[in-house]
Amino acid sequence: MKKLMDMMAAELAAAFEKAGYDPEYGKVTVSNRPDLCEYQCNGAMAGAKAYKKAPFMIADDVVAQLGEDSMFSMAEVVRPGFINLKIKEDVLASYLQEMAADEKLSVSEAEAPKTIIIDYGGPNVAKPLHVGHLRSAIIGESIKRIGRFLGHKVIGDVHLGDWGLQMGLIITELKHRKPELVYFDDNFTGEYPEEAPFTISELEEIYPCASGKSKVDEEYKNEALEATHLLQQGKRGYMALWNHIMNVSVTDLKRNYSNLNVSFDLWKKESDAQPYIPDMVQMMKDKGFAYEDQGALVVDIKEETDTKEVPPCMILKSDGASLYTTTDLATIVERMKLYAPDEILYVVDKRQEMHFIQVFRCAKKTGLVKEDTKFSFLGFGTMNGKDGKPFKTRDGGVMRLENLIADIDAEMYKKIVENRSVKDLDAQKTAEIVGLSAIKYGDLSNQATKDYIFDIDRFTSFEGNTGPYILYTIVRIKSILNRFVEEGGDLTQGEIIGAVNDSEKALMRILTSFAATIESAFEEKAPHKICAYIYEVSNAFNSFYHGTKILSEEDAAQKASFIQLLQLTRKVLETCIDLLGFEAPDRM
Ligand code: ARG
């Protein structure tokens, strides 16, 4: 379906052309003077120089070409040369009618769908999920959904960190605590037990304990390094332990992510890339890309246009060990082989930007990907507490994601119960649904690259630019529609006709921007644009609602038109929040 803005622009372009000017000047934007007009065209201003004419003269010529049957109910030249526009209501109404009948609400699917891998999540096995992982999960999930809605094949990969020192630390600590376990018996040749020798809570306690010890005890640290090394060599007992650690953690991670309404297509891990390393390194050497520098193997990736120093990409350390870079490069090899993506997008903390610059350049230079394979890095900022420092627990510790969610839910519950008399059980469930919107909207409504302040009070408020406010608006629409049905109304009847007042027309106009919003949110990897949009839609709906009697409208056709407009508003809002990764309850 065509976009309304494009249809208006086409009409202006034709008018410019008929008047003897370049049709390129026929662009239309939303008015920045809503008190004067709804849309505007500034093309005459832009063309003045080229035609050596006063802009208003050009504008006059153009407006003279807009006939009676144009889309506009008003086309007015304002000095020095703006064309102020208002759209005809019946044009608007029939556009919305068509939009409502369209399964995709006027969004056209991509002409050339791409295969896109999104690498988001990035939790480290055996370490509890903390708030740092929250942003990746929330932003990545949203971009994945938007991409799919536009018809792309999007594959979400959690890319677990499972191969580093944390594994050696856990194994070492276990060995100290339970040396009698068969996993540590080098003479053991039988089958290892199926049951893990620890639970998730033990595991989560073991890691910080081991990590703490390794920081003060050199010998302990060396033991852990050795254990990591042996694991990576494939030592039988350690591999069996690693399997247990993986199973126990992954079960827990899946539960956590599902509470966030986040799901991955692939549960790949860093270790999956290990088998690709030897051949990849050999190729880099054979083709002369990699050379030895102080014992380490590196690839130069400097570019002439660099304004800051980009150090060579290290492929192997001097002891032959691989690094984070090596793993990410080998993962690219694997992804190209298994999925042949057109694009790989990484949603990771922006402090890792240099790492990704190195990885991307090295992968391109050494031919791990095709010339036109696109790499994107969406580096997100830090989630800070009210003190402006990275979000912590009250006693200064790292905030676990689970606890953060529980805090929000508790606050939401309080507000919901204060607000109305929902039955307890219902209120708890509702608090969870609304709580998730508070967290996700609070995050996504900021430009991803920026830091933001996590403010429970503000995020859980029913007023202002918040998730709960958006849900409140949806619930309000649902309840009007329910009442309409209870009173014997038929939701399928009628169609959208003109607007009864300015606020209805404003709502109608903003609804037409749905497709453009979704497209630009995807192009710019900017879910915050969808947040800004639904905030505007909600405000427009609420002022329409406050100024208009809907269910008591006596004219049947008019009432049916309201009901159709309400259903479309609801669909637009619900589709948007689904793309952001949350949903609305039936009541609040
Ligand atoms: N596990 C990493 C961390 O916690 C994030 C992984 C991001 N993805 C990647 N392909 N490097 O820092």
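Below is a short write-up of the structure. Please read all numbers here as calculations on a predicted model, not as lab measurements.

## A look at the site of the ligand
- In the vicinity of the ligand, the contacting residues are Asp 119, Gly 122, Asn 124, His 159, Tyr 324, Asp 328, Tyr 346, Val 348, Gln 352 and Phe 356.
- Gly 122 is positioned such that a nitrogen or oxygen atom in its backbone is 2.9 Å from a nitrogen atom of the ligand.
- Separating a nitrogen atom of the ligand from a side-chain N or O atom of Asn 124 is a distance of 2.9 Å.
- Relative to its unbound accessible area of 350 Å², the ligand is 85% covered by the protein chains.
- If you list the elements that add at least two residues to the shell around the ligand, you get helix 11 (324–339) and strand 10 (343–349).
- Taken together, the residues that form the shell around the ligand break down as four nonpolar, four polar and two charged.

## Structural notes on the sheet that holds strand 3 (residues 72–78)
- The four strands are arranged 1-2-4-3 in an open sheet whose pairing can be described as antiparallel. The open sheet is flanked by strand 1 (29–30) and strand 3, the only strands paired with a single partner.
- Alignment of strand 3 against strand 4 (residues 82–87), held across six bridges, turns out to be antiparallel. From the neighbouring strand, Met 74 faces strand 4, where its bridge partner is Lys 86.

## With respect to the environment of His 528
- Along the polypeptide, His 528 turns up in helix 19 (residues 528–547).
- Look at His 528 and you get partly exposed, because its relative accessible area is 21%.
- Look past the residues within four positions of His 528 in its chain and what remains in contact with it is Leu 444, Ser 445, Asn 446 and Gln 447.

## Regarding unusual backbone geometry
- Here the amide bond leading from Arg 79 into Pro 80 is cis, since omega sits at 5°, within 30 degrees of zero.
- With respect to the element layout, Pro 80 can be found in the loop between strand 3 and strand 4.
- The backbone of Ser 106 shows a phi angle near 85°, a positive value even though the residue is not glycine.
- Considering the arrangement of structural elements, one finds Ser 106 in the loop between helix 4 (89–101) and strand 5 (115–119).
- Its identity as a non-glycine residue notwithstanding, His 159 has a phi of 45°, on the positive side.
- Considering the arrangement of structural elements, one finds His 159 in the loop between strand 6 (153–157) and helix 6 (165–177).

## A short note on the environment of Ala 431
- In this structure, Ala 431 sits in helix 14 (residues 424–444).
- Considered as a pair, Ala 431 and Met 588 are 157 residues apart in the sequence and their alpha carbons are 8.5 Å apart.
- The residues touching Ala 431, leaving out its near neighbours within four places in the chain, are Asp 409, Met 412, Tyr 413 and Ile 416.

## Topic: the sheet that holds strand 8 (residues 296–299)
- Ordered by their spatial adjacency, three strands build an open sheet running 7-8-9, and the pairing between neighbours is antiparallel. Both edges of this open sheet fall to strand 7 (290–293) and strand 9 (313–316), since each of them pairs with a single strand only. Within this sheet the neighbouring strands show an average axis-to-axis angle of 45°, counted without direction.
- As paired strands, strand 7 and strand 8 are joined by four bridges and run antiparallel to one another. Bridge pairing links Tyr 291 to Val 298 in strand 8.

Analysis parameters
- Residues numbered from 1 in each chain as written.
- Predicted model: local features only at pLDDT ≥ 70, side-chain atom pairs only at ≥ 80, totals over all residues.
- Heavy atoms only, no water.
- Near = heavy atom within 4 Å.
- Polar contact = N/O pair within 3.5 Å; in protein donor to acceptor, adjacent residues only side chain to side chain.
- Areas by Shrake-Rupley, 256 points an atom, 1.4 Å probe, with all protein chains shown as cover.
- Helix = DSSP H or I, 4+ residues; strand = E, 2+ residues; numbered from the N terminus.
- Nonpolar A, V, L, I, M, F, W, Y, C, P; charged D, E, K, R; others polar.
- Pairing = 2+ DSSP bridges.
- Buried < 20%, exposed > 50% of the residue type's maximum accessible area, 1.4 Å probe, protein only.
- Contact = heavy atoms within 4.5 Å.
- Axes fitted to C-alpha atoms, helices over the stretch in contact; angles between N-to-C directions.

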